[in-house]
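Report on the structure
As a plain string of letters, each chain reads:
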Amino acid sequence: MGCTAADVARALRAVAGVVAEHREELVRLDREIGDGDHGENLNRGFAALLSKLDGDLPSTPGAVLKLAATTLISTVGGAAGPLYGTAFLRAATSVGDAAELDGTLVATALQAALEGVVARGKAVVGDKTMVDALTPAVAAAESVASTGADVAGVLTAAAEAAEQGAESTVPLVARKGRASYLGERSAGHLDPGARSTSLLLRSFAGGAR
Amino acid sequence: MGCTAADVARALRAVAGVVAEHREELVRLDREIGDGDHGENLNRGFAALLSKLDGDLPSTPGAVLKLAATTLISTVGGAAGPLYGTAFLRAATSVGDAAELDGTLVATALQAALEGVVARGKAVVGDKTMVDALTPAVAAAESVASTGADVAGVLTAAAEAAEQGAESTVPLVARKGRASYLGERSAGHLDPGARSTSLLLRSFAGGAR
Amino acid sequence: MEVTVKKIINDPATVVADALRGMAAAHADLLDVQYDPAVVVRADAPVQRKVAIISGGGSGHEPLHGGFVGRGMLDAACPGPVFTSPTPDQVQAAVTRTDGGAGALLIVKNYTGDVLNFETAAELAAAEGVDVRTVVIDDDVAVKDSLYTAGRRGVGGTVLLEKVVGAAAERGVDLDGCEALARKVIGQVRSMGLALSPCTVPHAGEPSFVLADDEMELGIGIHGEPGRRRVRVGPADELVAALLDPVLEDLPFAAGDRVLLFTNGMGGTPQIELYLAHGIAERLLAERGITVERRLVGSYITSLEMQGMSLTVLKVDDELIELWDAPVHTAALRWGV
Amino acid sequence: MEVTVKKIINDPATVVADALRGMAAAHADLLDVQYDPAVVVRADAPVQRKVAIISGGGSGHEPLHGGFVGRGMLDAACPGPVFTSPTPDQVQAAVTRTDGGAGALLIVKNYTGDVLNFETAAELAAAEGVDVRTVVIDDDVAVKDSLYTAGRRGVGGTVLLEKVVGAAAERGVDLDGCEALARKVIGQVRSMGLALSPCTVPHAGEPSFVLADDEMELGIGIHGEPGRRRVRVGPADELVAALLDPVLEDLPFAAGDRVLLFTNGMGGTPQIELYLAHGIAERLLAERGITVERRLVGSYITSLEMQGMSLTVLKVDDELIELWDAPVHTAALRWGV
Ligand SMILES: Nc1ncnc2c1ncn2[C@@H]1O[C@H](COP(=O)(O)OP(=O)(O)O)[C@@H](O)[C@H]1O
Ligand SMILES: Nc1ncnc2c1ncn2[C@@H]1O[C@H](COP(=O)(O)OP(=O)(O)O)[C@@H](O)[C@H]1O
Ligand SMILES: [Mg+2]
Ligand SMILES: [Mg+2]
Ligand SMILES: [Mg+2]
Ligand SMILES: [Mg+2]
């Protein structure tokens, strides 16, 4: 049994809740090596998405993901807005007009999301960005999807890998985004975007059934 | 034996030293109920006076006092500049071209100084200003001068009365100068101008022989 | 000398002269600066047959007054040490440098020190045969004007007064006319200010007062003096009303009045907050049926790096509006030229 | 909502819109403000057959950019939330509102967020048939421009760029010409800044960094980010040299060069300190045989209430001087009109 448009919408609502809860944590992380707005930016975007989801819901998972994409692009701002926006947009495109998502499609969507982030932001693993969380997440998702895992299984694997990926940013010296201005002083801090990526994936995994 | 121009100059040099020593104290007092510059203002003026006194000295006590007056007027600024300046100017005028000052002349000079301060500033006793120190000082000076006290005696009496007068400003609510803006909040603080008046007189008394 | 406070200065003792040097370099076309005694003079002074408009006061309120020297505003400004009134010889030098034969008007903010020093200067200048008049501005409604105070302080209204009277003098209005106009403006301008944070006088090295994280001083002057009341910081709507209400009640301003609204920052207030406050004040005035004809928003009369603001309301008529709109070319205010 | 920081605001979530309302009220003759999406447009837009000059970025840097909208400078500004780049739909709206048929030049400060959002907007606008060009300004010498950073940040040079290119567009220079001019300016302007105190983003409620009483951050950006180095505060002579030396060495500027010197305050810096610093910078440039042809002193690109300053040096020639001197009428810069 796959994931319908309503399931995706429910998952996004849960994500909005998680972002709101972690708003201050993300602000704090961003204050340490950035400009202290990451939690605020994401929260503004997902709050806007919440009200959009209260309207007429599109009928396919892809269309819901696209709604998320355009909402995030037009409300988040900062680096994270276009990056997450592109991620959702590419994910939406990759699943086409499938009525339901299975494990394989979810893995495909995550892969497309990563490609979108990299296309826009040009970061590679080790630059201390959300790419450090998303890249291992995609690898893990694809690996378990190829063994036939369901949506929950794929997302759980992705979330776990993203968490480790996020943690791996702590010792890194940032090479992309605002944190890179700090040079060596950026080491010793968790990257806020990597943290939010792992939070998003964990929330998706928790919401999947 | 009276007080010559050289004696007055020596006394003024001593005063300059005392003002420099108490600069920070006067700044602190003025910060509490004013704008924190009284010590700085007086110090700037007396430092300027010091270099003036290094030049050719006028030959009478009155002329030395007048030099102090014009120097203070053109360097102190603030309320204290014109007030102390006028005080020294009136004192200078009151002693005319006497070659030496005795106790009586000193008391006369103090009386003239007080009249000058009141003419300019229009404060009365109880307004929490330098007038609260100077008024009892003049009374004490006149009283001991009338019993034939010498310069040192007159100045010592004046200094003691000024100290008590200054202390008496602590509970008062200011009615003149910047401190008056504070209303009731000015109570509980020593008036900086009253304090500097008592410091000046104590220094004069110490220098007199 | 050791730097004792976190400021961009070399030595507290030379801060005013050092800043004047930078100002002279930045505005050589506009200003002529002399240092001993310190006076900022408009470059083309003396302007023959024009009343000289002169002001001054302690430094630390920049751009007031030096930033207002130039065509259509002040002929000269006398900068005292930080927060300390200038000395009479500065004022006297200003009169001498700007006297074009039509007399001089001294604009004095009502502080004991300023009044006494300008008074002495006026006596000296009069003795030299210049027709000198003095007006004292006292627009701060936070201070009760009574026998029990030194009277109301001169604050934000000073900027508007200098602009309007400067415009009149530039047009050739004579000394009597300038003096009368000044008294008219003083009669119908009112201000009040608040501080969210104190300021530190360079030589003092310590803030002028200490505020808790949720406290502000209401009814401050411009010298880092504490205000009349310490109150809890509230939302901007409350802060603005706490300033505007006493200002409006004082004159009083009434429905149908036409006004100039001046929203001023105390030096350390970000412009985003000033505009925000200004928007609220405009709304509150509209609600009372008072028409805002002109406005000025910015940090024009300050207390060093103090965070806070003041509101000034000037009742205007066609004459004052025209004078306000007249060309002005100074370091801090410029239009029409 | 509880006010968590000591600021003149009602609610961190509405601070930008609330400030825009005040700005609209203060400058109704000059500006047209729309709120959703937020764009500040010059009142007479679109100007037919004129290249539209558009900029934008996070709020909290006022007067940048909204204060530079008007004749001879920007056609529109897109204010993002505090310190957060605007979204593509804001930029797109700005293009639509100002398109006079001659295309649009987007001036983008080099920050990942700004670049990405403007990039998206440019794609959208191009899709609608408007000829849109983008220039990215990256004048901050504090950041090493290398594979290992997001590249140099856009800071003080932005103000000069907007003025010069705005003047060219006003004269009818076409899109190619404006773009080429912008690249020329970007090629010869360099900046560096320092902070004596941090700033607090309204929604964050805490300062962006903490400095000891004798420390400053050298090489800061304009978003409250810490700088590259934390050093002891010294006398102004030292601070100014610490900014100017790397700026001059970078281009490099050499004896005989003609420059515009821009001494900028970070928002909470008193003007007296800015002028003081400016005077030192003028002296240091003169000592190196560099001629200061024009200067700008004031808080024009800020970080909320941060105390500190930046220095920007632009190499000029007769063309740039003429464009700098050309009339400008905006809320924050005005001359010749
Ligand atoms: N070029 C990039 N590629 C991928 N991710 C990036 C890039 N630049 C920044 N990021 C991510 O964006 C996060 C910051 O987002 P946010 O704070 O919302 O934007 P801003 O830096 O504009 O304030 C960083 O923690 C990082 O993970
Ligand atoms: N009207 C007045 N008459 C007499 N003394 C006054 C008057 N106003 C102020 N003072 C004295 O001046 C002192 C303050 O001097 P100072 O701090 O140098 O000047 P300012 O108040 O201008 O900063 C007060 O403490 C008070 O004693
Ligand atoms: Mg950020
Ligand atoms: Mg004082
Ligand atoms: Mg003073
Ligand atoms: Mg940001």
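Residues numbered from 1 in each chain as written. Chains lettered and ligands numbered in written order. Predicted model: local features only at pLDDT ≥ 70, side-chain atom pairs only at ≥ 80, totals over all residues. Heavy atoms only, no water.

**Focus: the overall build of chain C**
When you go through chain C residue by residue, the secondary structure sums to 8 helices and 15 strands. Taken against the 2.2 N^0.38 rule, which gives 20 Å for 337 residues, the C-alpha radius of gyration of chain C at 19 Å falls within 12% of a compact globule. On the principal axes, the C-alpha backbone points of chain C span a range of 55 × 50 × 40 Å. Taking all 337 residues of chain C together, 66% fall into the buried category. Contacts in chain C between residues far apart in sequence, at least 24 positions, make up 74% of those at least 6 positions apart. Looking at chain C as shown, the accessible area adds up to about 10,100 Å², and 49% of this sits on carbon and sulfur atoms. Distance between charge centres in chain C, computed from 29 positive and 47 negative side chains, equals 4 Å. (Helix = DSSP H or I, 4+ residues; strand = E, 2+ residues; numbered from the N terminus. Rg over C-alpha atoms; globule rule 2.2 N^0.38 Å. Buried < 20%, exposed > 50% of the residue type's maximum accessible area, 1.4 Å probe, protein only. Contact = heavy atoms within 4.5 Å. Areas by Shrake-Rupley, 256 points an atom, 1.4 Å probe, with all protein chains shown as cover. Lys, Arg positive; Asp, Glu negative; His and termini not counted. Charge placed at Lys NZ, Arg CZ, Asp CG, Glu CD.)

**As for the relation of the copies chain D and chain C**
When chain D is fitted to chain C, the best match, at an RMSD of 0.0 Å, comes from turning it 180° and sliding it 0.0 Å along the axis. The superposition of one copy onto the other is thereby described by a two-fold rotation axis. Rotation axis and chain D: the residue whose C-alpha lies nearest the axis is Gly268(D), separated from it by 1.9 Å. Mapped onto chain C, 98% of the interface residues of chain D again fall at the interface, so both copies present the same surface. (Least-squares fit on C-alpha atoms with pLDDT ≥ 70 in both.)

**With respect to the site of ligand 1**
Around ligand 1 lies a shell of 21 residues, among which Asp37(A), His38(A), Ala79(A), Asp191(A) and Gly193(A) are the nearest. Surrounding ligand 1 is a set of residues that belongs to chains A and D. The contact in question runs from an oxygen atom of ligand 1 to an N or O atom on the side chain of Asp37(A), over 2.8 Å. Broken down by secondary-structure element, the contributors of at least two residues to the shell around ligand 1 are helix H3 (38-53), helix H5 (80-95) and helix H9 (192-207) of chain A. Here the element with the most residues in the shell around ligand 1 is H9(A); it accounts for 3 residues. When its residues are assigned to classes, the shell around ligand 1 shows 7 nonpolar, 8 polar and 6 charged. (Near = heavy atom within 4 Å. Polar contact = N/O pair within 3.5 Å; in protein donor to acceptor, adjacent residues only side chain to side chain. Nonpolar A, V, L, I, M, F, W, Y, C, P; charged D, E, K, R; others polar.)

**Let's talk about the interface of chain D and chain C**
Across the boundary between the two partners, chain D contributes 58 residues, which contact 58 residues of chain C. Of the roughly 4,500 Å² buried between chain D and chain C on both sides combined, carbon and sulfur atoms contribute 65%. The largest per-residue losses of area from chain D upon contact with chain C belong to Lys6(D), Ile8(D) and Ile272(D), which jointly make up 21% of the total buried on that side. Summed over the shared surface of chain D and chain C, the number is 2 salt bridges. (Buried area = accessible area lost by both parts, 1.4 Å probe. Salt bridge = Lys/Arg side-chain N within 4 Å of Asp/Glu carboxyl O.)

**Some words on the interface of chain C and chain B**
Chain C puts 39 residues into the contact, and the matching count from chain B is 30 residues. Across the interface of chain C and chain B, roughly 2,700 Å² is buried in total on both sides, 50% from carbon and sulfur atoms. For the chain C face of the interface with chain B, the top three residues by lost area are Leu116(C), Tyr148(C) and His203(C), together amounting to 20%. Taken together, the connections running from chain C to chain B amount to 4 salt bridges. Taking the shortest distance from any N to any O, the salt bridge between Arg31(B) and Glu206(C) comes out at 3.3 Å. Taken together, the links from chain C to chain B amount to 14 residue pairs in polar contact (both at pLDDT 80 or more).

**Description of the packing of aromatic side chains**
Each pair of aromatic rings is reported with the distance of its centres and the angle of its planes. Applying the stated criterion across every chain yields a total of 8 aromatic pairs over all chains. On the basis of an interplanar angle of 55° and a centroid distance of 5.3 Å, the ring pair of Trp324(C) and Trp335(C) is categorised as tilted. One end of the pair, Trp324(C), is in helix H8 (residues 318-325); the other, Trp335(C), is in strand E15 (residues 334-335), and 11 residues separate them in sequence. A relative accessible area of 4% places Trp324(C) in the buried class. Of the residues examined, Trp335(C) reaches a relative accessible area of 13% and is grouped as buried. Geometrically, the ring pair formed by Phe262(D) and Tyr300(D) is tilted, given 6.1 Å between the ring centres and 50° between the ring planes. Placement of Phe262(D) in strand E11 (residues 258-265) and of Tyr300(D) in the loop between strand E12 (291-298) and strand E13 (308-315) is noted, with a sequence separation of 38 residues between them. Of the two residues examined, Phe262(D) and Tyr300(D), each falls in the buried class. Here a set of aromatic residues connected by ring pairs shows up, and it is made of Phe68(C), Phe262(C) and Tyr300(C). Of note, Arg153(C) hangs over the ring of Tyr181(B), and the distance from its end group to the ring centre comes to 4.6 Å. (Phe/Tyr/Trp six-rings, centres within 6.5 Å; stacked < 30°, edge-to-face > 60°. Lys NZ or Arg CZ within 6 Å of the ring centre and 35° of its normal.)

**A word on the coordination of the magnesium ion (ligand 4)**
Residue and element names in this part refer to chain B. At 2.0 to 2.1 Å from the magnesium ion (ligand 4) lie its protein donor atoms, namely Asp-30 (OD), Asp-35 (OD) and Asp-37 (OD). Donor residues for the magnesium ion (ligand 4) sit on one chain with the sequence pattern D-x4-D-x1-D. In this structure, the magnesium ion (ligand 4) is positioned 3.5 Å from the magnesium ion (ligand 5), and both are ligated by Asp-35. Accessibility assignment for this pair places Asp-35 and Asp-37 in one class, buried. (Donors = N, O, S within 2.8 Å, 3.2 Å for Na, K, Ca; no water.)

**Quick word on the site of ligand 2**
All names here are of chain B. By nearness alone, 21 residues border ligand 2, and Asp-37, His-38, Ala-79, Gly-121 and Asp-191 come closest of all. The contact in question runs from an oxygen atom of ligand 2 to an N or O atom on the side chain of Asp-37, over 2.9 Å. Measuring from an oxygen atom of ligand 2, one finds a side-chain N or O atom of Arg-178 at 3.3 Å. Contact with the protein chains removes 96% of the 570 Å² of surface that ligand 2 exposes when unbound. For the shell around ligand 2, the leading source of residues is helix H9 (residues 192-207), giving 3 residues. Considering only residue class, the shell around ligand 2 consists of 7 nonpolar, 8 polar and 6 charged.

**Re the arrangement of the chains**
Contacts are most numerous between chains C and D, considering all 3 pairs of chains that are in contact. At no point do chain A and chain B touch; the closest pair of C-alpha atoms across them sits 36 Å apart. The two units chain A and chain C are non-contacting; their minimal C-alpha-C-alpha distance is 17 Å.

**A few points about the sheet that holds strand E15 (residues 334-335) of chain D**
Residue and element names in this part refer to chain D. Strand order in the open sheet formed by 3 strands is E4-E14-E15, with antiparallel pairing between adjacent strands. The outermost strands of the open sheet, each flanked by one partner alone, are strand E4 (70-71) and E15. Pairing geometry for strand E14 (residues 328-330) and E15, over 2 bridges, is antiparallel. Bridging from a neighbouring strand, His-329 pairs with Arg-334 of E15. (Pairing = 2+ DSSP bridges.)

**Notes on the domain arrangement of chain C**
Accessible area lost when the parts come together is the quantity often used to give the size of an interface. Residues and elements named next belong to chain C. Looking at chain C, the domain boundaries give domain 1 (15-188) and domain 2 (189-335). For domain 1 and domain 2, the distance between their C-alpha centroids amounts to 21 Å. Contact residues are listed per partner, giving 45 residues for domain 1 and 48 residues for domain 2. Here domain 1 and domain 2 share an interface that buries about 3,800 Å² over both sides, 65% of which is from carbon and sulfur atoms. Summed over the shared surface of domain 1 and domain 2, the result is 4 salt bridges. The salt bridge involving Arg-152 is made with Asp-250; its shortest N-O contact spans 2.6 Å. Where domain 1 meets domain 2, there are 25 residue pairs in polar contact (both at pLDDT 80 or more). Elements represented by at least two residues in the side of domain 1 that touches domain 2 include exactly helix H1 (15-26), strand E4 (70-71), helix H4 (157-170) and helix H5 (175-187). Looking at the side of domain 1 that touches domain 2 element by element, the count peaks at 7 residues for H4. A per-class count over the side of domain 1 that touches domain 2 returns 23 nonpolar, 11 polar and 11 charged. (Domains from an automatic or database assignment.)

**Notes on the coordination of the magnesium ion (ligand 6)**
Around the magnesium ion (ligand 6), the protein contributes the donor atoms Asp35(A) (OD), Asp37(A) (OD) and Phe83(D) (O), which lie 2.0 to 2.6 Å from the metal centre. The two metals, the magnesium ion (ligand 6) and the magnesium ion (ligand 3), are separated by 3.5 Å and share Asp35(A) as a common coordinating residue. With one member in each of two chains, Asp37(A) in the loop between helix H2 (23-33) and H3 and Phe83(D) in the loop between strand E5 (76-82) and helix H2 (88-98) form a pair that bridges those chains. Owing to a relative accessible area of 1%, Phe83(D) belongs among the buried residues under this scheme.

**Considerations on the pairing of E12(D)**
Residues and elements named next belong to chain D. One ladder, built from 7 bridges, connects E11 with E12; its direction is parallel. Residue pairing across strands places Val-259 opposite Val-292, the latter belonging to E12. For the crossover from E11 across helix H7 (residues 271-287) to E12, the handedness is right-handed. (Right-handed = clockwise from strand over helix to strand, strands pointing away.)

**Here we look at the sheet that holds E15(C)**
Residue and element names in this part refer to chain C. Sheet architecture is open: 3 strands sit in the order E4-E14-E15, paired in antiparallel fashion. The open sheet has two edge strands with one neighbour each: E4 and E15. Pairing of E4 with strand E14 (residues 328-330) involves 2 bridges; the strand directions are antiparallel. Pairing of Arg-71 across the sheet is with His-329, part of E14.

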